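Remarks on the overall topology
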Amino acid sequence: IRFESTKAASIKSSPSMAVSMAAKAMRAKGENVIDLSLGEPDFETPDFIVEAAIEAMRSGKTRYTSPDGLEELRAAIVAKFKRENGLDYATDQISIGNGAKQILFNAFLGTLEPGDEVVVPAPYWVSYTDIVILHGGVPRIVSCGVEDDFKLTPERLEAAITPKTRWFLFNSPSNPTGAIYTAAELAALGAVLERHPHVSVMSDEIYEHIVCGDVPFTSFANACPQLADRTLIINGVSKAYAMTGWRLGYAAGPKSLTKVLNKMQSQSTTCPSSISQIAAAAALNGPQDFVTRAVAEYKLRGALVAKGFSAIPGLDVRPPGGAFYLFPKCAAYIGKTAPDGTRIGNDTELASYLLTSAKVATVPGAAFGVEPYIRLSFATSRDNLSIAIDRVADALGQLR
Ligand code: PLP
C-alpha cells in the first residue's frame, strides 16, 4: 500500500534533524562527535520558568485553553511588544501556537490559495519552503550569498514580486547565516512593498535577542509602521529562554489575520499545552537576566568561531550579526579528494566527510537552498567549539 499522498511526497523531512540524528547515533556507538548541527540553546530553561510550570500543574491549570491562548499569556505578549519593541498591539491581535513553526503552518494554511507565491530569500530556514509547498504555495527563492552579506536588496525583492505574490517571508537575525538587517535596510525593503499592496510580510523575529555584532535588532514593524495592516511578526520563547521543548510560539498582526490563524489553531491542536502557556507568560513577564547572560556567552562563542573558521584557508566567513550560526562558503574544497580516495562533489558530501573524518556534525548549504556552504551552530560550549575548529581545519587540510 502506498500511504504517502502526493502532498506529503512534495516535501522532505527536516535535513538538520537528520544530521543531528546521525550524530547522535555515532555518539551512541561511543564516537566522540561534536554536534554543530543543532539549532537550539545548550542552556537549561531558567528555574523560575520551570517553577511556574510546576505551580500551574499543581494548581490544576491542566485543561484545554481557548485556541486564542490564555488571557495571561496574551497579556504577557502584548506587554513584551510594548516593553521591548515599543509596539502597541491589542490582545486580539495576538495568536499563539506550538512553536513559531506552527504559527507558520497556521498562517499559510489559513491564507494561501493554490499557486500563490511566497518570496523567500535564500539561504532560508529549512522549513520555510516546505511549509509553503505543503499548503499549496510556490516559494519564489531569491539567492543572497556571502557576496551579498546574505541579505536581500530592494531591487531583488522588486524583481521577485509578481501578481501572484502573497507573502514575503524572511528572518533577521538569520538562521542559517547569522545576518542581521539594519533598520535602514528593512525600511528600503518596506518601501518596495509599499508599492505592492497585494503582498504581506511575515517577519520571523525568533532570534531577536541573540545579537552578536554591533548592529542592533530592529523589528520589521518598527522599521515599516506604514505596513502594519499587512505585517505578521512571528516570535517565540524557544531561543531566547532555552525553551525549545516547551513548544510555544506567538505572532502579532492585524486582527483580521490573527483571527484566521486562531481558527486554524482551533481545528488542529486546539491550543498549545496550558502548562507551556503559563511557563511562557512567566518567561516574558519575569526577570530577563538569563537572556542577558546567554547572549553574552553567544557573543564570545560567535567571536571564537568567526576567528577560528576565518583562519582556515579556503573558507569565506562573515562574522555573525546574530542568532548562533556561522555559514562559511566552502567552494575551495568542492572537487577535492579525501585521503581514502572519495571525491567531494558538493557541500552535502563535504558535511558528510566532516562528520566521518573530523567527527564534527554540520548541515550542508544545500539544505538551506544555496551551495556550497556549511552551517555551523555555536550553541555549544567554547571548549567544544575550539576542538571542532581544530578538527575541521585538520580534516579540510587533508583534502587534495
Ligand atoms: N524560525 C526560525 C528561523 C528557526 O530557526 C526556528 C527553529 O529552529 C523556528 C522558527 C522554530 O521555532 P519554534 O521552536 O518556536 O517552533
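Residues numbered from 1 in each chain as written. Predicted model: local features only at pLDDT ≥ 70, side-chain atom pairs only at ≥ 80, totals over all residues.

A look at the site of the ligand
Surrounding the ligand, one finds 13 residues, the nearest of these being G99, A100, K101, G236 and S238. Taken together, the residues of the shell around the ligand break down into three nonpolar, eight polar and two charged. (Near = placed C-beta within 6 Å. Nonpolar A, V, L, I, M, F, W, Y, C, P; charged D, E, K, R; others polar.)

Brief notes about the nonpolar core
In this structure, F168, I234, A280, A283, L326, L354 and V360 are the most contacted members of the largest nonpolar core, which totals 127 residues. Ignoring sequence-local partners within four residues, the contact set of L326 consists of G178, V305, A306, F309, V317, P320, L376 and F378. (Core = buried A, V, L, I, M, F, W, Y, C linked by C-beta atoms within 7 Å. Buried ≥ 20, exposed ≤ 12 C-beta atoms within 10 Å, placed from the backbone. Contact = placed C-beta atoms within 7 Å.)

Re the packing of helix α12 (residues 289-310) against helix α14 (residues 382-397)
Across the interface, α12 lies against α14 with an axial gap of 10 Å and an inter-helix angle of 10°. Taken together, α12 and α14 sit at an angle that is classed as roughly parallel. The residues of α14 that touch α12, namely those facing L300, R301, L304, V305, G308 and F309, are R382, L385, S386 and I389. Residues of the contact of α12 with α14, tallied by class, amount to six nonpolar, two polar and two charged. (Axes fitted to C-alpha atoms, helices over the stretch in contact; angles between N-to-C directions. Helix = DSSP H or I, 4+ residues; strand = E, 2+ residues; numbered from the N terminus. Parallel < 35°, antiparallel > 145°, perpendicular 65-115°, else oblique.)

What about the UniProt feature "domain: Aminotransferase class I/classII large" (unreviewed entry) in the protein chain?
Within this structure's numbering, the places UniProt gives as "domain: Aminotransferase class I/classII large" (unreviewed entry) are residues 32-392. Structurally, residues 32-392 comprises 39% helix and 14% strand, and the distance from its first C-alpha atom to its last is 14 Å. (UniProt positions renumbered as here; feature names shortened; annotations may be inferred.)

Brief notes about the pairing of strand β12 (residues 374-377)
Burial of β12 is two-sided: the residues I374 and L376 facing one way and the residues R375 and S377 facing the other way are all buried. Pairing between strand β9 (residues 325-326) and β12: two bridges, direction antiparallel. Bridge pairing links Y325 to S377 in β12. Sheet topology note: the strand β11 (residues 363-364)/β12 ladder contains two bridges and is antiparallel. Paired with V363 across the strands is R375, a residue of β12. (Pairing = 2+ DSSP bridges.)

Considering the sheet that holds strand β3 (residues 117-122)
Pairing is mixed across the open sheet formed by seven strands, whose spatial order is β2-β8-β7-β6-β5-β3-β4. Whereas interior strands pair on both sides, the edge strands pair on one side only; in this sheet they are β2 (94-97) and β4 (138-143). For this sheet, the mean inter-axis angle between neighbouring strands, taken without regard to orientation, is 20°. Bridging between strand β6 (residues 200-204) and strand β7 (residues 231-236) involves four bridges; their strand directions are parallel. Note on β7: the bridge partner recorded for M202 is L232.

Here's the deal with unusual backbone geometry
Cis geometry marks the peptide bond from A122 to P123, where omega comes out at 0°. Relative to the helices and strands, P123 is located in the loop between β3 and α6 (126-134). Here E371 and P372 are connected by a cis peptide whose omega angle stands at -10°. Along the chain, P372 turns up in the loop between β11 and β12. Positioned with a positive phi, F150 is a non-glycine residue whose angle comes to about 65°. When you line up the elements, F150 lands in the loop between β4 and α7 (154-160).

Some details on the packing of helix α5 (residues 100-111) against α6
Viewed as axis vectors pointing N to C, α5 and α6 meet at an angle of 30°, and their least axial separation amounts to 9 Å. Taken together, the axes of α5 and α6 are roughly parallel relative to one another. The two elements α5 and α6 cross, and the hand of that crossing is right-handed. Between α5, through K101, L104, F105 and F108, and α6, the contact on the second element is made entirely by S127, I131 and V132. The class makeup of the residues in the contact of α5 with α6 is five nonpolar, one polar and one charged. (Left-handed = near helix turned anticlockwise from the far one by under 90°.)

Here's the deal with α5
For α5, spanning twelve residues, the distance from its first C-alpha to its last is 16 Å, which sits close to the expected 16 Å at 1.5 Å a residue. Counting buried positions along α5 yields eleven of twelve residues, so the element is predominantly enclosed. Buried within α5 we find A100, K101, Q102, I103, L104, F105, N106, A107, F108, L109 and T111. (Expected span 1.5 Å × (residues − 1).)

Quick look at the pairing of strand β8 (residues 249-252)
Side-chain alternation along β8 places G249 and A251 on one buried face and Y250 and A252 on a second face that is also buried. Where β2 lies against β8, four bridges are found, and the strand directions are antiparallel. Bridge assignment links G97 to a residue of β8, and that residue is G249. Relative to β8, β7 runs antiparallel, the two sharing four bridges. Residue pairing in the sheet places I234 in a bridge with A251 of β8.

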